[in-house]
Amino acid sequence: MHTTVERELELKLVLSPERSIPVPARLTYRTEDPYAVHVAFHIGSDFPVHWTFARDLLVEGVFRPCGHGDVRIWPTKVDRRNVIFVALTSPDGNALLEVPSAAVAAWVERTLRVVPPGTEAERLGIDEGLAELLAPLPADDLWLRDPWPSDDSQDGEA
């Protein structure tokens, strides 16, 4: 059975130190994809913008700066409010998002209760999948039998 943990929230797209605009978003965590978090940004277009990155990155980013490259996360204070900044970089551009810290921390905690850290691999079913792939099939018997009968066979026997 798979579980999904979702949270709708409003982020702020930071345009400058003095200006930001609200961006509705949905955080999604799926137990069938236990290492990842998915974020859908609803920016007023026909389709939301989707980002996927490591859950561990968001877990760490709640407490301290982390990440490099396309996704960087760090906690800070803005106007005496605890927030998390998420910097996203893609070939299409860059975005700096201000995220409410308490809401993200509570959502991350829910994902950690559903799939505790260190147990993610158990959710992937890799061992079961490999066992299924490597299980002998009836046709495998053809490869295991000697294709030429021995010289000891009786006449008419194959």
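Note that the coordinates shown come from a computational prediction; the quantities given were computed from them, not determined experimentally.

Q: Which residues make up the overall build of the chain, and what values do they have?
A: The number of helices and strands found in the chain is 5 helices and 8 strands. Counting from the amino terminus, the chain carries its helices and strands in the arrangement β-β-β-β-α-β-β-β-β-α-α-α-α. When burial is assessed residue by residue, the chain has 28% of its 158 residues classed as buried. Nonlocal contacts in the chain, meaning residues at least 24 apart in sequence, comprise 34% of its contacts between residues at least 6 apart. About 11100 Å² of surface is accessible on the chain, with carbon and sulfur atoms providing 55% of the total.

Q: Lay out a nonpolar patch on the surface with the relevant residues and their values.
A: Judged by side-chain polarity, Leu-130, Leu-133 and Leu-134 come together as a nonpolar surface patch covering roughly 360 Å² of accessible area. Residue placement: Leu-133 occurs in helix H4 (residues 126–134).

Q: How would you sum up the environment of Leu-15? Please name residues and give values.
A: Assignment of secondary structure puts Leu-15 in strand E1 (residues 4–16). In sequence terms Leu-15 and Leu-97 are 82 residues apart; their C-alpha atoms lie 9.2 Å from each other. Leaving out residues up to four positions away in the same chain, Leu-15 has contacts with Ser-20 and Ile-21.

Q: Tell me about the pairing of strand E2 (residues 19–30), and please be specific about residues and values.
A: Inspection of the sheet shows E1 paired to E2 by 12 bridges, in the antiparallel sense. For Thr-4, the partnering residue across the bridge sits in E2 and is Arg-30. In this structure, the hairpin formed by E1 and E2 is closed by a connection of 2 residues. Looking at chain direction, E2 and strand E3 (residues 36–41) are connected through 4 bridges and run antiparallel. Looking across to E3, one finds that Thr-28 is bridged to His-38. The antiparallel hairpin formed by E2 and E3 contains 5 residues in its connecting segment.

Parameters and conventions
Residues numbered from 1 in each chain as written. Predicted model: local features only at pLDDT ≥ 70, side-chain atom pairs only at ≥ 80, totals over all residues. Heavy atoms only, no water. Helix = DSSP H or I, 4+ residues; strand = E, 2+ residues; numbered from the N terminus. Buried < 20%, exposed > 50% of the residue type's maximum accessible area, 1.4 Å probe, protein only. Contact = heavy atoms within 4.5 Å. Areas by Shrake-Rupley, 256 points an atom, 1.4 Å probe, with all protein chains shown as cover. Patch = residues over 30% accessible without salt bridge, like charges linked within 9 Å, V, L, I, M, F, W, Y side chains within 5 Å. Salt bridge = Lys/Arg side-chain N within 4 Å of Asp/Glu carboxyl O. Pairing = 2+ DSSP bridges.

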